[in-house]
Amino acid sequence: TNNTGTRVNSLVWLPDHVNEILDVDGVTVPMKLSQLAESLARVARPQGGFKTEAVIVNYYGAGDALGGHTDAVEGDLEQPIVSISLGCRGIFLLGGPSRDDPVVPMFVRSGDVMLLSGPARLRYHGVPRIFTDEDAELPPGMTKSQVANSSRQGSALDEDMLEYISQSRLNLSIRHVSN
């Protein structure tokens, strides 16, 4: 994988090649995030069975990219991957089972959810670019002035968070990893 600056962190589980550099013992996935992911996964897998066991968090700043790769290290590849985008818009490329297959480019925006399941589960995909322009997206229905005002009122959203989310992208890759 050709990663340019993308940073990764994990809750609970990582593939061995990444787990060697991060210590995630004792970390648990928040219950509300687990419930959300499990509900979303039912769209792709109505018969159920998806259990949130891991969250991989990719952090993208200006100029960062995530090269084409597949996600095939989990024990049960029939389970979908639930992907939630936050912050700046990015370009997501979805290819085929080979690196040589044509790709379909699409924008991912803050709040977008993507389910990789079925044949798409094992396709090459990547993020070649994010956009950090002035109109970086905030959570739906929220303006920069609302965030600034809530910050002055002692809200959990503050100007540092606004600055970060207007210049960065986070992707939560939520997975069922066991057999």
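Computed from a predicted model, the values in this text were never measured in an experiment.

Across its full length, the protein chain holds 4 helices and 10 strands. Reading the helices (α) and strands (β) of the protein chain from amino to carboxyl end gives β-β-α-α-β-β-β-β-β-β-β-α-α-β. Considering the protein chain as a whole, with its 179 residues, one finds that 42% of them fall into the buried category. In the protein chain, the proportion of contacts linking residues at least 24 apart, taken out of those at least 6 apart, comes to 79%. For the protein chain, the exposed surface amounts to about 9,800 Å²; the carbon and sulfur share of it is 53%.

What follows covers the packing of aromatic side chains. Counting across every chain of the model gives 1 aromatic pair. For the ring pair Phe107 and Phe131, a centre distance of 5.6 Å and an interplane angle of 50° mean the geometry is tilted. Pair noted here: Phe107 is in strand β7 (residues 104–108) and Phe131 is in strand β9 (residues 125–131), with a separation of 24 residues, a long-range link. The class for Phe131 is buried, based on a relative accessible area of 14%.

Here helix α2 (residues 31–44) spans 21 Å end to end across 14 residues, near enough to the 20 Å set by a 1.5 Å rise per residue. Within the sequence span of α2, burial applies to Leu33, Ser34, Ala37 and Ala41. Relative to the axis of α2, the buried residues are bounded by an arc of 95° and lie together on one face. Those residues of α2 that are exposed and aimed more than 90 degrees away from the buried face are Met31, Lys32 and Val43.

Rules and cut-offs
Residues numbered from 1 in each chain as written. Predicted model: local features only at pLDDT ≥ 70, side-chain atom pairs only at ≥ 80, totals over all residues. Heavy atoms only, no water. Helix = DSSP H or I, 4+ residues; strand = E, 2+ residues; numbered from the N terminus. Buried < 20%, exposed > 50% of the residue type's maximum accessible area, 1.4 Å probe, protein only. Contact = heavy atoms within 4.5 Å. Areas by Shrake-Rupley, 256 points an atom, 1.4 Å probe, with all protein chains shown as cover. Phe/Tyr/Trp six-rings, centres within 6.5 Å; stacked < 30°, edge-to-face > 60°. Expected span 1.5 Å × (residues − 1). Arc of directions from axis to C-beta.

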